Amino acid sequence: MNDNNSVTKKICEILGNTSRKACVRSFGCQLNVSDGEKIKGLLSDMGCDFTDDETEADIIILNTCAVRESAEDRIFGILGSMKKLKELKPSLIIGVSGCMTAQSHAAEKIRKSYPHVSFVMGTSAISSLPKLLLDCIQGTKFASDISEYDDFSATVRQVRESSFKASVPIMFGCNNFCTYCIVPYVRGRERSRQPDDIINEVRELVQNGYKEIMLLGQNVNSYGSDLGGKMSFPQLLRELDAIDGDFIIRFMSSHPKDATTELIDAIFECGKVAKHLHLPLQSGSSSVLERMNRRYTAEKYLETVDCIRQRDPDFSLTTDIIVGFPNETDGEFRATLDIMKRVEYDNIYSFIYSKRSGTKAAEMEDMTSEEEKSCRMRELLAVQREISSEHYKRFIGRTMRVLVDDVSKKREGFLTGKSSEFIIVEFEGEPSLIGSFAQVKITEAMNWAVRGELIK
Ligand code: SF4
């Protein structure tokens, strides 16, 4: 990898002190948003300011998502509309990064069909951005780097969106190959960052006033499996919990097949670790889970839930559910509803199965109609609304510690934030509280949040 400092220096020499603006649009998951913050870090080192207005920009980077084909179609649509911008400003540099470009066919389609695009950059090639930009500035018609690197661009400074909540990727890639998922093909094999790099980064963030640390990975539970036993994820949680400061640790995503008792012990024994676990179920039917290659059964999943609930019957769980996986029968769908009623999630993120070319599931025959799938989705959401409106009542009368996020978009004079249980809490208060922890006495429960009074 080139020495970015000298490349950055060269770019600044060529472009001089003229002010230059960059527009970085990130799509998709938190890992991609975190990559977008790194891209901004590199651009900021090259003297760029930022704008959300593409007509003002000298450099535009679309940091793409490829989890669904519709996400890719949307990007091609946006790229098409950018042709005009390039005609109006020939010096404009347009680049595409993220999961979409990690697929050689997509990178090739961009090169061939969108000649106004200057470069493409793969998910692990972020550190090559200065070199790609220098090539473009020096006249290269189309620059590209979609190779797989292992450096995680860990040393790249991040221009973070929030001044009190920080995402910290701890690993990249995925080895699980769930049959509906493109991620292993665009983000490569699992690679864990060195524990010291993560611990030092978190310590520095906490010293700089960050209150929430969100540890990110496609499957954080398998963190360290490639580090020769140096450190496991539960051990990493304990190391981070030992850092001085008043902050909360969250993590996403956890694969149920790797949710061990060591992990559950760490969650309960570490004071700074949120008392919430996002445990993607995807389906409540073991036969569908097998077709998804999830490598756990519904029974095994419930064993993990019971292990947690034995420690705390009220422990907050959330999940992801796919409705309408190829040939899902009505019985298999009802198995999902049964697990939802049994587990009583505080929230679910649900999706109708969407065919993604390049995945195994895309080859599967599917006789279930889209109409039937939409009908199931409506039923699933209705069941969850019932569960949440009942389950949230357990918080009434309790005092919850809330990290205040923002002013409420629903009620004038109200603030909103999240509790350790990842529950949305609304209460009356001054915006000066944003970014700090507040104690709130809960007086009311809805099916999407709770409301309360600030305890001065
Ligand atoms: S665990 Fe499965 S769904 Fe999650 S990123 Fe890996 S392959 Fe995709």
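Residues numbered from 1 in each chain as written. Predicted model: local features only at pLDDT ≥ 70, side-chain atom pairs only at ≥ 80, totals over all residues. Heavy atoms only, no water.

### With respect to the nonpolar core
In step 1: Counting 67 residues, the largest nonpolar core has Leu215, Phe233 and Phe251 as the members making the most contacts within it.
In step 2: With 24 residues, the next largest nonpolar core counts Ile60, Phe76, Leu92 and Ile110 among its residues. (Core = buried A, V, L, I, M, F, W, Y, C linked by side-chain atoms within 4.5 Å. Buried < 20%, exposed > 50% of the residue type's maximum accessible area, 1.4 Å probe, protein only.)

### So, the sheet that holds strand E7 (residues 165-169)
In step 1: Read from one edge to the other, the open sheet built from 3 strands follows the order E7-E10-E11, with strand pairing classed as parallel. What marks the edges here is a single partner per strand, and that holds for E7 and strand E11 (248-252). Strand-to-strand twist across the sheet, computed as the mean angle between neighbouring axes with direction ignored, equals 25 degrees.
In step 2: As judged from the 5 bridges shared by strand E10 (residues 212-216) and E11, these two strands associate in the parallel manner. The residue bridging Ile213 from the neighbouring strand is Ile249, located in E11.
In step 3: Along the sheet face, helix H9 (residues 233-241) touches E10 and E11 and points at about 155 degrees away from the line of E11. (Pairing = 2+ DSSP bridges. Helix = DSSP H or I, 4+ residues; strand = E, 2+ residues; numbered from the N terminus. Axes fitted to C-alpha atoms, helices over the stretch in contact; angles between N-to-C directions. Contact = heavy atoms within 4.5 Å.)

### Details of the sheet that holds strand E4 (residues 93-98)
In step 1: In spatial order, the strands read E2-E1-E3-E4-E5-E6; together these 6 strands make up an open sheet with parallel pairing. A single partner strand is all that each edge strand has here, and the edge strands are strand E2 (48-50) and strand E6 (143-145). Shown here is a sheet whose adjacent strand axes are inclined to one another by a mean of 20 degrees, direction ignored.
In step 2: On top of the sheet, helix H3 (residues 69-81) reaches strand E1 (20-26), strand E3 (59-64) and E4; it is set at about 170 degrees to E3, its chief contact.

### Section: the site of the ligand
In step 1: Taken together, Cys174, Asn176, Phe177, Cys178, Tyr180, Cys181, Val183, Pro184, Gln218, His255 and Arg294 are the residues near the ligand.
In step 2: The residue inventory of the shell around the ligand, partitioned by class, reads 7 nonpolar, 3 polar and 1 charged. (Near = heavy atom within 4 Å. Nonpolar A, V, L, I, M, F, W, Y, C, P; charged D, E, K, R; others polar.)

### Comments concerning the environment of Glu201
In step 1: Along the chain, the position of Glu201 falls in helix H8 (residues 195-207).
In step 2: Each C-alpha atom of the pair Glu201 and Leu263 lies 22 Å from the other, and the pair is 62 residues apart in sequence.

### Quick word on the packing of aromatic side chains
In step 1: Under the definition given, this model contains 8 aromatic pairs.
In step 2: A centroid spacing of 5.6 Å and a plane angle of 20 degrees characterise the contact between Phe76 and Tyr114, whose relative ring orientation is stacked. With Phe76 in helix H3 and Tyr114 in the loop between helix H5 (104-113) and strand E5 (119-121), the pair connects residues that are 38 residues apart, well separated along the chain.
In step 3: You can call Phe76 buried: its relative accessible area is 9%.
In step 4: Relative accessible area serves as the criterion here: at 12%, Tyr114 is assigned to the buried category.
In step 5: Of the aromatic side chains, those joined through ring pairs into one cluster are Tyr180, Phe325 and Tyr353.
In step 6: If you follow Lys109 out to its NZ or CZ, it ends over the ring of Phe76, 3.9 Å from the centre.
In step 7: One residue, Arg401, lies across the ring of Phe437, its end atom 3.9 Å from the ring centre. (Phe/Tyr/Trp six-rings, centres within 6.5 Å; stacked < 30°, edge-to-face > 60°. Lys NZ or Arg CZ within 6 Å of the ring centre and 35° of its normal.)

### Some points on the state of the cysteines
Covalently bonding the sulfur atom of one cysteine to the sulfur atom of another cysteine gives a disulfide.
In step 1: Taken as a whole, this structure holds 0 disulfides when the rule is applied.
In step 2: Considering cysteine sulfurs only, Cys99 is the nearest to Cys29, which forms no disulfide, with 6.4 Å between them.
In step 3: The class of Cys29 is partly exposed, set by a relative accessible area of 37%.
In step 4: Cysteine Cys65 shares no disulfide, and the gap to the nearest cysteine sulfur, in Cys99, comes to 6.4 Å. (Disulfide = S-S within 2.5 Å.)

### Thoughts on the packing of helix H13 (residues 330-343) against helix H14 (residues 370-391)
When two helices pack together, their arrangement is given by the angle between their axes and by how far apart the axes lie.
In step 1: Running from N to C, H13 and H14 point in directions that differ by 15 degrees, and their axes come no closer than 10 Å. Taken as axis vectors, H13 and H14 run roughly parallel relative to one another. In terms of crossing hand, the pair formed by H13 and H14 is right-handed. Within the contact between the two elements, H13 uses Asp330, Phe333, Arg334, Thr336, Leu337, Met340 and Lys341 and H14 uses Glu372, Arg376, Glu379, Leu380, Val383, Gln384 and Ile387.
In step 2: Looking at side-chain class alone, the contact of H13 with H14 contains 6 nonpolar, 2 polar and 6 charged residues. (Parallel < 35°, antiparallel > 145°, perpendicular 65-115°, else oblique. Left-handed = near helix turned anticlockwise from the far one by under 90°.)

### Some remarks on the pairing of E1
In step 1: In terms of strand pairing, E1 meets E2 through 3 bridges, oriented parallel. Paired with Arg20 across the strands is Cys48, a residue of E2.
In step 2: Chirality of the crossover, the property in question, places the unit of E1, helix H2 (residues 30-45) and E2 among those that are right-handed.
In step 3: The pairing of E1 with E3 spans 5 bridges and is classified as parallel. The residue of E3 that forms the bridge with Cys23 is Ile60. (Right-handed = clockwise from strand over helix to strand, strands pointing away.)

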